[in-house]
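Listed below, chain by chain, are the residues.
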Amino acid sequence: MALTNRPRTVGRYGTAAGTGTLAAFLLVAVGGSPMYVGWAQEHTDPSGAGGWFLRLLAWPAWRWHADEGMLATNLRAILLIVLAAALLYLLPGPQVDRVAASGSQFLSGWGAYALAAGLSALLATLLGPHGTLYAAFQAASAGAAYGFFAGWIVGLASLGGRA
């Protein structure tokens, strides 16, 4: 077998960055949807771990109706997807060792999503109405917490793809 031939099974799977971006999009589209946000607020207990996590998944909330906070909220959701995609494509670049790739793909996906969540919250708050540096730092802290606790989902999605 020539060195340039690859097994056919590799071609059926997407890249780690592509599957991670799809997972990030689904987390924002489903978890941030007005329907899920409303359900999480009404039907979960914030004092329990499960309810807290389900409410946390609603952090990248986006809205359809126009009000004062709509620009910053929707900008945060859009920036989260864009920054997550960019970081997912940038972080796994140096992975050339196929043996260690699975663990580093998981950690790269998780870390990229956590960083993207913090950065998107920081930028959306600064660019939004009445954005102060203090409010941006607080938003970045909430975004980083969301990214840390929800980023493992993106890490798992990144796990199966090619580096």
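Right, let's walk through the structure included here.

Rules and cut-offs
Residues numbered from 1 in each chain as written. Predicted model: local features only at pLDDT ≥ 70, side-chain atom pairs only at ≥ 80, totals over all residues. Heavy atoms only, no water. Axes fitted to C-alpha atoms, helices over the stretch in contact; angles between N-to-C directions. Helix = DSSP H or I, 4+ residues; strand = E, 2+ residues; numbered from the N terminus. Parallel < 35°, antiparallel > 145°, perpendicular 65-115°, else oblique. Left-handed = near helix turned anticlockwise from the far one by under 90°. Contact = heavy atoms within 4.5 Å. Nonpolar A, V, L, I, M, F, W, Y, C, P; charged D, E, K, R; others polar. Buried < 20%, exposed > 50% of the residue type's maximum accessible area, 1.4 Å probe, protein only. Core = buried A, V, L, I, M, F, W, Y, C linked by side-chain atoms within 4.5 Å. Phe/Tyr/Trp six-rings, centres within 6.5 Å; stacked < 30°, edge-to-face > 60°. Lys NZ or Arg CZ within 6 Å of the ring centre and 35° of its normal. Patch = residues over 30% accessible without salt bridge, like charges linked within 9 Å, V, L, I, M, F, W, Y side chains within 5 Å. Areas by Shrake-Rupley, 256 points an atom, 1.4 Å probe, with all protein chains shown as cover. Salt bridge = Lys/Arg side-chain N within 4 Å of Asp/Glu carboxyl O.

A word on the packing of helix H2 (residues 16-31) against helix H7 (residues 133-159)
Running from N to C, H2 and H7 point in directions that differ by 135°, and their axes come no closer than 8 Å. On the basis of their axis angle, the class for H2 and H7 is oblique. For the element pair H2 and H7, the recorded crossing hand is right-handed. On H7, the residues touching Ala16, Thr19, Gly20, Ala23, Ala24 and Leu27 of H2 are Tyr146, Ala150, Ile153, Val154, Ala157 and Ser158. For the contact of H2 with H7, the class distribution of residues is 9 nonpolar, 3 polar and no charged.

Observations regarding unusual backbone geometry
At His130, a residue that is not glycine, the phi angle is positive and equals roughly 60°. In this structure, His130 sits in the loop between helix H6 (101-127) and H7. According to the relative accessible area criterion, His130 is exposed, its value standing at 66%.

Thoughts on the nonpolar core
Within the largest apolar cluster, 27 residues are counted, with the highest numbers of intra-cluster contacts made by Leu27, Trp59, Leu80, Tyr113, Ala116, Tyr146 and Val154. The residues touching Ala116, leaving out its near neighbours within four places in the chain, are Leu80, Leu83, Ala84 and Leu87.

Quick notes on the packing of aromatic side chains
Taken as a whole and assessed by the stated rule, the structure comprises 8 aromatic pairs. Taking 5.1 Å as the distance between ring centres and 85° as the angle between the ring planes, the aromatic pair formed by Phe148 and Phe149 counts as edge-to-face. Given a relative accessible area of 47%, Phe148 falls into the partly exposed group. Joined through ring pairs, the aromatic side chains of Trp52, Phe106, Trp110, Phe148 and Phe149 make up one cluster. A cation over a ring is seen here: Arg76 above Trp59, with NZ or CZ 4.5 Å from the ring centre.

Focus on a nonpolar patch on the surface
A cluster of nonpolar side chains, namely Leu123, Leu126, Leu127, Leu133 and Phe137, defines an oily patch on the protein surface of about 480 Å² accessible area. Mapped onto the nonpolar patch, the elements with two or more residues apiece are H6 and H7. The leading source of residues in the nonpolar patch is H6, at 3 residues. Topologically, Leu127 is positioned in helix H6. Classification of Leu127 by relative accessible area gives exposed; the value is 59%.

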